[in-house]
Amino acid sequence: GTIDKYIGDAIMAYWNAPSTLSAHQDHALQSALEQVRHLDALNHQLALESLPTINIGIALHCGTAVVGEMGSQLRSDYTIIGDNVNLASRLEGLTKQYGVSIIISEAFKAGLKGDYPLRYLDRVRVKGKKEAITIYEVLLNNSNEALHVELSTYDAALRHYLEGRFESAYLCFGALHERYAHPLYMLYRDRAAHFRLHPPLSFDGVYEALSK
């Protein structure tokens, strides 16, 4: 991959340019997973030194973009711009809201060659976009039997929500959050709480993510 720039506390990188790279989605995802693994070791060391630990959120998306030397004679950069770059940035902003480390878009998921443990998160329409997209969490480990039980319970609760059974969804997500204390379950519990009091005239399950 190519590190494009540092943006405050963020790093922007891209794959498949300037040289063509086969299975570039897999390379990008492996990079993200490796960052999270190294972060665990870093936080362990920081804790030993009584220093604050840190958390990160990573979003991966793919699509057509403009790549090349851009700017003027006085200042220019080899960089990447376009609507898909902006969308990746919007998705990165959602990692904190959903309480997950890595979010990928449906377009990115479709390009993966390898098999990775994923969890459906939501259908979202981000700020500045008309089309809704499906987003997924990349699970860091799904070989745990307890996690399988948790994910099965989550899938059942999600079906209640997506099919408009908001009272049942509220109870299921409330129980999930009480047991596992995950921001994702609180998010859906609060949405179900709103809709059971204010039933929508029509419901397609799409969430409007209006903040950046």
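Please refer to the structure higher up on the page.
Below is a short write-up of the structure. (Residues numbered from 1 in each chain as written. Predicted model: local features only at pLDDT ≥ 70, side-chain atom pairs only at ≥ 80, totals over all residues. Heavy atoms only, no water.)

### Describing the pattern of salt bridges
Here is step 1: In this structure the tally under the stated criterion is eight salt bridges.
Here is step 2: Between Arg123 and Glu106 there is a salt bridge, and its shortest N-O distance comes to 3.4 Å. Separated by 17 residues along the polypeptide, Arg123 in strand β7 (residues 118-126) and Glu106 in helix α3 (residues 106-111) bring together distant segments of the chain.
Here is step 3: Given the relative accessible area of 26%, Arg123 is considered partly exposed. (Salt bridge = Lys/Arg side-chain N within 4 Å of Asp/Glu carboxyl O. Helix = DSSP H or I, 4+ residues; strand = E, 2+ residues; numbered from the N terminus. Buried < 20%, exposed > 50% of the residue type's maximum accessible area, 1.4 Å probe, protein only.)

### As for the pairing of strand β5 (residues 76-81)
Here is step 1: Note: strand β4 (residues 66-71) against β5, six bridges, orientation antiparallel. Across the sheet, Val66 pairs through a bridge with Ile81, a residue of β5. (Pairing = 2+ DSSP bridges.)

### Section: the packing of helix α4 (residues 145-162) against helix α6 (residues 183-197)
Here is step 1: Interaxial distance between α4 and α6 falls to 11 Å at its minimum, and their mutual angle equals 20 degrees. Overall, the two elements α4 and α6 adopt an arrangement that is roughly parallel. Handedness of the α4/α6 crossing: left-handed. Here Glu150, Tyr154, Leu158 and Tyr161 of α4 come into contact with α6, specifically with Leu184, Tyr185, Tyr188, Arg191, Ala192 and Phe195. (Axes fitted to C-alpha atoms, helices over the stretch in contact; angles between N-to-C directions. Parallel < 35°, antiparallel > 145°, perpendicular 65-115°, else oblique. Left-handed = near helix turned anticlockwise from the far one by under 90°. Contact = heavy atoms within 4.5 Å.)

### Overview of the side chain of Arg191
Here is step 1: With respect to the element layout, Arg191 can be found in helix α6.
Here is step 2: Here Arg191 falls in the buried class, since its relative accessible area comes to 10%.
Here is step 3: Engagement of the side chain of Arg191 in a polar contact is seen with the side chain of Tyr98, the distance being 3.3 Å.
Here is step 4: Leaving out residues up to four positions away in the same chain, Arg191 has contacts with Tyr98, Asp122, Tyr161 and Tyr207. (Polar contact = N/O pair within 3.5 Å; in protein donor to acceptor, adjacent residues only side chain to side chain.)

### Quick look at the nonpolar core
Side chains of a nonpolar character, in soluble globular proteins, are inclined to be buried together.
Here is step 1: Counting residues in each nonpolar core, the largest one holds 27 residues, and the members touching the most others are Leu91, Leu94, Tyr98, Ile135 and Phe173.
Here is step 2: When residues of this core are traced back to their parent elements, those giving at least two are α2 (83-98), β7, β8 (133-138), α4, α5 (166-180) and α6.
Here is step 3: Here this core takes six residues from α6, the largest share from any one element.
Here is step 4: Formed by 15 residues, the second largest nonpolar core is a distinct cluster that contains Ile58, Ile102, Ile104 and Val138. (Core = buried A, V, L, I, M, F, W, Y, C linked by side-chain atoms within 4.5 Å.)

### Looking at the pairing of strand β2 (residues 10-14)
Here is step 1: In this sheet, β2 lies alongside strand β1 (residues 2-7) in antiparallel orientation, the contact comprising five bridges. Considered in β2, the bridge of Tyr6 is made with Ile11.
Here is step 2: Between the end of β1 and the start of β2, which pair antiparallel, lie two residues, with Gly8 showing a positive phi angle near 60 degrees.

### Here's the deal with the sheet that holds β7
Here is step 1: Strand order in the open sheet made by the five strands is β3-β6-β8-β7-β9, with mixed pairing throughout. Of all strands in the sheet, those with a lone pairing partner are β3 (58-60) and β9 (206-209), marking the two edges. For this sheet, the mean inter-axis angle between neighbouring strands, taken without regard to orientation, is 35 degrees.
Here is step 2: Relative to β9, β7 is paired through four bridges, and the arrangement is parallel. Residue Arg123 lies in a different strand from β9, and its bridge partner there is Val206.
Here is step 3: Sheet strands in contact with helix α1 (residues 24-48) are β3, β6 (102-105) and β8, and its direction is about 170 degrees off that of β3.
Here is step 4: Against the sheet, α6 contacts β7 and β9, and its axis sits at roughly 50 degrees relative to β7.

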